[in-house]
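# Tertiary structure, described
Chain by chain, the residues run as shown.
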Amino acid sequence: MTRQSTASITLGDRDISRIGLGTNRLRHTIEHVAFIRTAVNAGVRMLDTAHLYTQGESEKAIGAALSPAPDCLVATKGGYGGAGRGRPEVLRQEIEQSLASLRTDCIELYYLHRVDPETPVESSLGTIKEYVDRGQIRHVGISEVSVVQIEQARRVLPIVAVQNEYSLAVRKHNAVVDYCASAGIVFVPFFPLRGADEPRVRKVAAQRGATPAQIALAWLLRRSPAMLPIPGTLSLAHVEENLDAMSIAPGDDEFEALR
Ligand SMILES: NC(=O)c1ccc[n+]([C@@H]2O[C@H](COP(=O)([O-])OP(=O)(O)OC[C@H]3O[C@@H](n4cnc5c(N)ncnc54)[C@H](OP(=O)(O)O)[C@@H]3O)[C@@H](O)[C@H]2O)c1
């Protein structure tokens, strides 16, 4: 089986493998804390969480599992929920809570989860920059944005990652994917497995001896060198299966058939 041209990607100042783990259903239980440790032992090198997820339990479980976690980049987000959630005082409170829940002095990657329709993005990102300047946030990303909004954000501070919905089934952010690749920004597609149950995907999977989820992920990796999907799962078998997708490179004909 052909390999993807590279199994790692540069994010800010570190190289990490190109498939991470989404944790929006993770709870702060003994079982889920153990699951995170096992997933990292299995090779997960990026965990994606948010202040919002499971009312803060996702961040707490990751903090309990991984402090310290030199080998695994933990990304979190704040500022979700509509008008007012990107105000400086709201963001400061969320960042302080994330630092405490994750049991860290420095968040490796912090995304503005949504651009607040009533707060200038410069103000939200300026607040995040306060923490960058103090060494409490290392890298900054932004989520569910257009190219124009990314350019606006980059005038405030360096943006290393953009997290937008993207999958075989939902490709409205094609322009953002290509912009990120040309600008050296990592593109993190959320809901990366949407479309994996479609017949054309199942057909390629059967021909390859792979699973439909693996084909959906391999297609994303082939779609752009900037791509770092974060499939969400609570199953170790699925974690391993998803990481193994890095060893599948769809050929030109398969890539076009899936497109
Ligand atoms: N930035 C944003 O606004 C935003 C929005 C939504 C999500 N996110 C992030 O994106 C991550 C991914 O999104 P998501 O988890 O909602 O959707 P997803 O990754 O597209 O799909 C997750 C679903 O697929 C299943 N699954 C995972 N691996 C599988 C495999 N190998 N075979 C079969 N089924 C598999 C999971 O169930 P099992 O547990 O049974 O494996 C779960 O039901 C989230 O966890 C979150 O971190 C970000």
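A brief look at the structure comes next.

Rules behind the numbers
- Residues numbered from 1 in each chain as written.
- Predicted model: local features only at pLDDT ≥ 70, side-chain atom pairs only at ≥ 80, totals over all residues.
- Heavy atoms only, no water.
- Pairing = 2+ DSSP bridges.
- Helix = DSSP H or I, 4+ residues; strand = E, 2+ residues; numbered from the N terminus.
- Core = buried A, V, L, I, M, F, W, Y, C linked by side-chain atoms within 4.5 Å.
- Buried < 20%, exposed > 50% of the residue type's maximum accessible area, 1.4 Å probe, protein only.
- Contact = heavy atoms within 4.5 Å.
- Near = heavy atom within 4 Å.
- Polar contact = N/O pair within 3.5 Å; in protein donor to acceptor, adjacent residues only side chain to side chain.
- Areas by Shrake-Rupley, 256 points an atom, 1.4 Å probe, with all protein chains shown as cover.
- Right-handed = clockwise from strand over helix to strand, strands pointing away.
- Phe/Tyr/Trp six-rings, centres within 6.5 Å; stacked < 30°, edge-to-face > 60°.
- Disulfide = S-S within 2.5 Å.
- Salt bridge = Lys/Arg side-chain N within 4 Å of Asp/Glu carboxyl O.
- Axes fitted to C-alpha atoms, helices over the stretch in contact; angles between N-to-C directions.
- Nonpolar A, V, L, I, M, F, W, Y, C, P; charged D, E, K, R; others polar.

## Digging into the sheet that holds strand E3 (residues 21-22)
Ordered in space as E3-E4-E5-E6-E7-E8-E9, the seven strands form an open sheet in which the pairing is parallel. Two strands bound the open sheet, and with one partner strand each, they are E3 and strand E9 (186-190). Strand direction decides the pairing type here: strand E5 (residues 73-78) and strand E6 (residues 107-112), joined by four bridges, are parallel. Paired with Lys77 across the bridge in E6 is Tyr111.

## A short note on the nonpolar core
Core analysis: the biggest nonpolar cluster contains 66 residues, and Leu47 and Val162 have the highest contact counts within it. Sorting elements by how many residues they give to this core places helix H8 (residues 212-223) first, with seven residues. Beyond its immediate stretch of four places on either side in the chain, Leu47 contacts Leu21, Thr23, Ile36, Val40, Ile62, Leu66, Cys72, Leu73, Val74 and Ala75.

## Side note on the site of the ligand
Surrounding the ligand, one finds 24 residues, the nearest of these being Arg25, Asp48, Thr233, His238 and Asn242. The separation between an oxygen atom of the ligand and a polar side-chain atom of Asn24 is 3.0 Å. Calculation on the ligand without its partners gives an accessible area of 900 Å², and the protein chains cover 78% of this total. In terms of residues, the shell around the ligand owes the most to one element, helix H9 (residues 236-244), which gives three residues.

## Examining the pairing of E6
With six of six residues buried, E6 is to be regarded as a mostly interior element. Following the backbone out of E5, through helix H3 (residues 88-101) and into the adjacent parallel E6, one traces a crossover that is right-handed. Relative to strand E7 (residues 137-143), E6 is paired through five bridges, and the arrangement is parallel. What sits directly across from Tyr110, in E7, is Val140. The handedness of the E6 to E7 crossover, carried by helix H4 (residues 121-133), is right-handed.

## Side note on the packing of aromatic side chains
Under the criterion given, the structure shown has four aromatic pairs. Ring geometry for Tyr166 versus Phe187: centroids 5.8 Å apart, planes at 85 degrees, classification edge-to-face. Of this pair, Tyr166 sits in the loop between strand E8 (161-165) and helix H6 (174-183) while Phe187 is found in strand E9, placing the two residues 21 residues apart along the sequence. When its relative accessible area of 0% is taken as the criterion, Phe187 is described as buried. Classification of Tyr166 as buried rests on a relative accessible area of 0%.

## What about the state of the cysteines?
Counting across every chain of the model gives zero disulfides. As a non-bridged cysteine, Cys72 has Cys106 as the owner of its nearest cysteine sulfur, 15 Å distant.

## With respect to the pattern of salt bridges
On inspection of all chains with the given rule, the structure shows 16 salt bridges. Here Glu108 and Arg14 are joined by a salt bridge, their closest N and O atoms 3.4 Å apart. Here Glu108, found in strand E6, pairs with Arg14, found in strand E2 (residues 14-17); they are 94 residues apart in sequence, far enough to count as distant. Judged by its relative accessible area of 19%, Arg14 falls in the buried class. Among the salt bridges present, the one from Arg92 reaches Glu130, with a minimum N-O distance of 3.0 Å. Of the two residues, Arg92 is situated in helix H3 and Glu130 in helix H4; the sequence distance between them amounts to 38 residues. Each of the salt bridges in this network shares a partner with another, and the network as a whole consists of Glu144, Glu165, Lys172 and Arg194.

## Section: the packing of helix H5 (residues 147-154) against H6
One can describe the packing of H5 onto H6 by two numbers: an axis separation of 9 Å at closest approach and a directional angle of 35 degrees. Between H5 and H6, the residues in contact are Val147, Ile150, Glu151 and Arg154 and Ala175, Val176, Tyr179, Cys180 and Ala183, respectively. Looking at side-chain class alone, the contact of H5 with H6 contains seven nonpolar, no polar and two charged residues.

## A short note on unusual backbone geometry
The phi dihedral of Thr54 is positive, around 40 degrees, even though this residue is not glycine. By secondary structure assignment, the location of Thr54 is in the loop between strand E4 (46-48) and helix H2 (57-66). You can call Thr54 buried: its relative accessible area is 10%. With phi around 55 degrees, Glu144 is a residue other than glycine that occupies positive phi space. The residue Glu144 is located in the loop between E7 and H5 in this model.

Without other data, these values stay purely geometric and don't point to any function.
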